[in-house]
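# Coordinate analysis (summary)
Single-letter residue listing:
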Amino acid sequence: MTGQKRDIYLDNSATTRCFPEAAALMNEIFLEDYGNPSSMHHRGVTAERRVLEAKKTLAGLLKVKEKNLYFTSCGTESDNLAIIGGALAAQRRGRHLITTRIEHPAVLEAMKYLEAQGFEITYLGVDRDGLVSAEETAAAVRPDTILVSVMHTNNEIGSVQPIEEIGRAVKAVNPRVLFHVDAVQGFGKSLILPKRMHIDLLAASGHKIHGPKGVGLLYVADGVRLEPLLHGGGQQGGMRSGTENVPGIAGMALAAKLLCGNLDEDRQRLFAMKNRLIDRLREIPDIEFNGRTDETAAPHILSVRVRGVRAEVLLHALEDKGIYVSSGSACSSNHPRPSETLAAIGTPASEMDNSIRMSLSVMNTMEEMDAAAQAVGEIVPLLRKYIRR
C-alpha cells in the first residue's frame, strides 16, 4: 500500500525473511522439478540433482566433503540426531557427556532425555560474558566421556565461544570424544570451518540464514557413527530416512551462498548497525547490556536489560509502533520460564524479566537502528512512570 510505514523487524534470531532469490528457486522446484529424488525416472533424477547441487554448495562453504552432510527438518532435529544418535552409538565406550548451562533447548532437552536413559551429564558454567573456558571443558573430560556439546553463538546474548580452542583442548585429552557444535546462530554470520575447529558434528538451520523453514543441516565427520533417530526408506544412506525436502534444501543452499558470499562485508555492516543501536540506547537511563558488546560477540544479537520494565510489556509497546523484538529465545516463548542463560551469567533475580533481545540482519538499515532506539527512549519513561503510580 502506498505510503504505508515499513515495519522494523529486529527478531532475526527467531527467524529471517527469505531471500527473494531463494524463494523464487523454491517456487520453481515446487512447480517444475517436483519429482521424488528417490524415483528412478527423469523427474526423480532431476530432483536428486537439485539435492546434490545444494550439498556441493554447502560443502564448499564449510570446506568439507559432500558425503559428510545430511539434511534434516530443522536445527533442532540436527542437534538431536548428533547428541542422541552420537551417544547411543558410542555408549559402549562410556555414558558421560559434557555441555554448558547456556545451550539452546534443542541441546539441553536432548541431554535431559539422555539423563533419563541413564547417561550422566556435566553442565559447565560460564563467566559474566557468557563464555565457556576451554581449560574447564578439557578438565571435565573423563575416561568415560563420549561427547562434548558447546554452542557457537548464544541465541540470547550473542556470546561467541572459543570453539577452535575448546575443540583442540578436548581432543588433546581424548581424541575419540565427539565434539558437537550447535552453529544455528553462527553459520552465515561467522566463518565456521569444522575441520580446522576440531568439530565432529555441526548443526545449522535454513530459516536463520534467509532460507526457508523446515530444513536443517548436519555435518558428520569421517569415522563418526550415529544411531539414526528416524527409520523408514533408508534415504541419505540410512542416516535420516524420509523423502528429502528438495525445495527447502535448494533454498537453504542458495541463501547460504548469498549470505556467505559477502560475509566479511556483511559482518562489518552488522557491527556498525549494532554499535549505532548501542550508542543510542546508552542515552536512556538505567539500561544495561547482557554479555559483551564489542566485536568478540556476535554481530547481530544484542540483549538489552531495561530496569523497572518487564520485557513482555516493552515488547508489545514496541510492537504497537511496528517494531518487532523478542523477550528471549523464541523457541520457548510460548512457555515462559526463567532464562537459564541470564541466570548463568549472574543476572540479579529481580532483573530476570527485564531483558529484550534485538537481533539484526543484512536486510536492516542504519535508519531503523535510530528509529528503534528512539522508540525505546520514548516508551521506557512512560512505562516507568505508569509502574510507579
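First, a word on what this report is: a plain description of the structure on this page.

Definitions and limits used
Residue numbers restart at each chain and count upward from 1, following the sequence in its written direction. Under the rules for a predicted model, residues below a pLDDT of 70 receive no local features and side-chain atom pairs below 80 are neither given nor counted, while totals for whole chains, interfaces and linings still include all residues. Water and hydrogen atoms were dropped before computing side-chain values, which therefore reflect all heavy atoms in the structure. Runs of E in the DSSP output that reach at least two residues are strands. Runs of H or I that reach at least four are helices, and both are numbered from the N terminus. Atoms counted for the radius of gyration: C-alpha only. Globule rule: 2.2 Å times the number of residues to the power 0.38. Only protein chains enter the area calculation, which uses a 1.4 Å probe; residues under 20% of their type maximum are buried, those over 50% are exposed, and those in between are partly exposed. Pairing of aromatic side chains here covers Phe, Tyr and the six-membered ring of Trp, requires ring centres within 6.5 Å, and sorts the geometry by plane angle: under 30 degrees stacked, over 60 edge-to-face, intermediate tilted. Counted as over-ring charges are cases with an Arg CZ or a Lys NZ within 6 Å of the ring centre that also lie within 35 degrees of the ring normal. Any carboxyl oxygen of Asp or Glu within 4 Å of a side-chain nitrogen of Lys or Arg constitutes a salt bridge here. When checking whether two residues touch, look at their non-hydrogen atoms; a contact exists if any pair is within 4.5 Å. Strand pairing follows a simple DSSP-based rule, namely that at least 2 bridges must link the two strands. Orientation is described by axes fitted as lines to C-alpha atoms, over the contacting stretch for helices, and by angles from 0 to 180 degrees between their N-to-C directions.

Our focus in this paragraph is the overall build of the protein chain. When its secondary structure is counted, the protein chain shows eleven helices and twelve strands. Here the protein chain has a C-alpha radius of gyration of 21 Å; the compact-globule value for 389 residues is 21 Å, and the two agree. For the protein chain, the spread of C-alpha atoms along the three principal axes comes to 65 × 55 × 35 Å. The burial tally for the protein chain puts 56% of its 389 residues in the buried class.

Tallied over the entire structure, the rule returns zero aromatic pairs. In this arrangement the basic side chain of Arg95 is found over the ring face of Phe119, its NZ or CZ atom lying 4.0 Å from the centre.

Next up on the list: the pattern of salt bridges. Counting across every chain of the model gives 23 salt bridges. With a closest N to O distance of 2.7 Å, Lys67 and Asp222 form a salt bridge. Placement of the pair is Lys67 in the loop between α2 (42-62) and β2 (69-72) and Asp222 in the loop between β8 (216-220) and α7 (246-260), with a sequence separation of 155 residues. The salt bridge involving Glu77 is made with Arg240; its shortest N-O contact spans 2.7 Å. Separated by 163 residues along the polypeptide, Glu77 in helix α3 (residues 75-90) and Arg240 in the loop between β8 and α7 bring together distant segments of the chain.

Once that is clear, we can look at the side chain of Ser78. Take Ser78: it is sitting in helix α3. In this structure Ser78 comes out as buried when scored by relative accessible area, which is 0%. In this structure, Ser78 is in contact with Thr72, Ala203, Ala204, Gly216, Leu217 and Leu218, ignoring residues within four places of it in sequence.

Turning our eyes to something else, we now look at the pairing of strand β7 (residues 201-205). Among the five residues of β7, five are classified as buried, and the element is accordingly described as predominantly covered. Residues Leu201, Ala203 and Ser205 point to one face of β7 and Leu202 and Ala204 to the other, with burial holding for every one of them. Bridge analysis of strand β6 (residues 178-182) against β7 gives three bridges, and the strand direction is parallel. When the sheet's bridge partners are listed, Asp182 is paired in β7 with Ala203.

Here we take up the sheet that holds strand β10 (residues 301-306). One open sheet holds the three strands; their spatial order is β9-β10-β12, and the pairing between them is antiparallel. The sheet terminates laterally at β9 (287-290) and β12 (355-359), the two strands that pair on one side only. Neighbour-to-neighbour, the strand axes of this sheet turn through a mean angle of 35°, independent of strand direction. With four bridges joining them, β9 and β10 adopt antiparallel strand pairing.

This part is about the environment of Met363. With respect to the secondary-structure elements, Met363 resides in the loop between β12 and α11 (366-388). With a relative accessible area of 22%, Met363 lands in the partly exposed category. Sequence separation between Met363 and Thr16 is 347 residues; the distance between their C-alpha atoms is 9.2 Å. Dropping the residues within four chain positions of it, Met363 is found in contact with Arg6, Arg17, Cys18, Phe19, His210 and Glu368.

The backbone of His198 shows a phi angle near 65°, a positive value even though the residue is not glycine. Following the sequence through the fold, His198 ends up in the loop between β6 and β7. Residue His198 is classed as partly exposed on the basis of its relative accessible area of 28%. If you check the backbone angles, His210 has positive phi at about 70° while not being a glycine.

Attention now goes to the environment of Gly261. When you line up the elements, Gly261 lands in the loop between α7 and α8 (263-281). Residue Gly261 is classed as exposed on the basis of its relative accessible area, which comes to 58%. Linking Gly261 and Leu61, residues 200 residues apart in sequence, is a C-alpha distance of 9.0 Å.

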